[in-house]
Amino acid sequence: MTISHDPYPEAERPVEAWCDLHEVHVRLADGRQISTPLWWYPRLLNATPAQRNNVHLMLAGVHWPDVDEDLSIRGMLAGWKAPGAKVPEKAA
């Protein structure tokens, strides 16, 4: 078995990223799609749709310059939430 020591594996490189009203989505070079809850990232949750749509792809993650938010692919795959992220209360 070969173990890759590439800090940025080609298969995990983002090729597309977008947000909807509830989730952050990233499509990877190998065809997988990662989706994580928007509430995991308070800066994105509180951003305007225009700010969420201004997204830059990096070698190992995604950057939203308007809200100074960076997400790593490995962090998304591992389920890392931003410090202080809280599940939104459900409407009655």
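See the structure above.
All of the points below concern the structure found in this document. Keep in mind that this is a model prediction, so the values were computed, not measured.

Attention shifts here to unusual backbone geometry. Positive phi is not limited to glycine here, since aspartate 68 has a value of about 50°. Assignment of secondary structure puts aspartate 68 in the loop between β5 (61-64) and β6 (69-72).

Turning to the pattern of salt bridges, a few remarks are in order. Opposite charge on two side chains allows them to pair when their charged atoms are near. Across all of its chains, the model carries four salt bridges by this definition. One salt bridge connects arginine 74 with glutamate 12, and the closest N-O pair in it is separated by 3.5 Å. Of this pair, arginine 74 sits in helix α3 (residues 73-78) while glutamate 12 sits in the segment before β1 (14-19); the two residues are 62 residues apart in sequence, bridging distant segments of the chain. Its relative accessible area of 44% is what places arginine 74 among the partly exposed residues. Among the salt bridges present, the one from glutamate 16 reaches arginine 27, with a minimum N-O distance of 3.1 Å. Taken together, the residues glutamate 16 in strand β1 and arginine 27 in strand β2 (residues 23-28) connect sequence positions eleven residues apart. Take glutamate 16: its relative accessible area is 35%, and that puts it in the partly exposed class. For arginine 27, a relative accessible area of 29% puts it in the partly exposed group.

With respect to topology, three strands assemble into an open sheet ordered β1-β2-β3, the strand pairing being antiparallel. Both outer strands of the open sheet, β1 and β3 (33-37), are each paired with one neighbouring strand and no more. Ignoring strand direction, the axes of neighbouring strands in this sheet form an average angle of 15°. The pairing of β2 with β3 spans five bridges and is antiparallel. The partner of arginine 27 across the bridge, within β3, is glutamine 33.

Take the sheet that holds β6 next. Pairing is antiparallel in the open sheet, where three strands are placed in the order β4-β5-β6. The open sheet terminates on both sides in strands that have one partner only, identified here as β4 (56-57) and β6. Of the pairings in the sheet, the one linking β5 to β6 comprises four bridges and is antiparallel in character. The residue bridging glycine 61 from the neighbouring strand is serine 72, located in β6.

Definitions and limits used
- Counting starts from 1 at the beginning of each chain's written sequence and moves along it residue by residue.
- Only residues with pLDDT of at least 70 are given local features in this predicted model, and only at 80 or more are side-chain atom pairs given and counted; all residues enter the totals for whole chains, interfaces and linings.
- Computation of side-chain values: all heavy atoms of the structure, hydrogens and water removed.
- Secondary structure is summarised from DSSP: a helix means a run of H or I of at least four residues, a strand means a run of E of at least two, and numbering begins at the N terminus for each.
- By definition here, a salt bridge exists when the distance from a side-chain nitrogen of Lys or Arg to a carboxyl oxygen of Asp or Glu is within 4 Å.
- Buried, partly exposed and exposed residues are distinguished by accessible area as a fraction of the type maximum, computed with a 1.4 Å probe on protein chains only: under 20%, between the cut-offs, and over 50%, respectively.
- A pair of strands is considered paired only if DSSP assigns at least 2 bridges between the two.
- Axis definition: a line fit to C-alpha positions, over the contact stretch in the case of helices; interaxial angles, taken between N-to-C directions, run 0 to 180 degrees.

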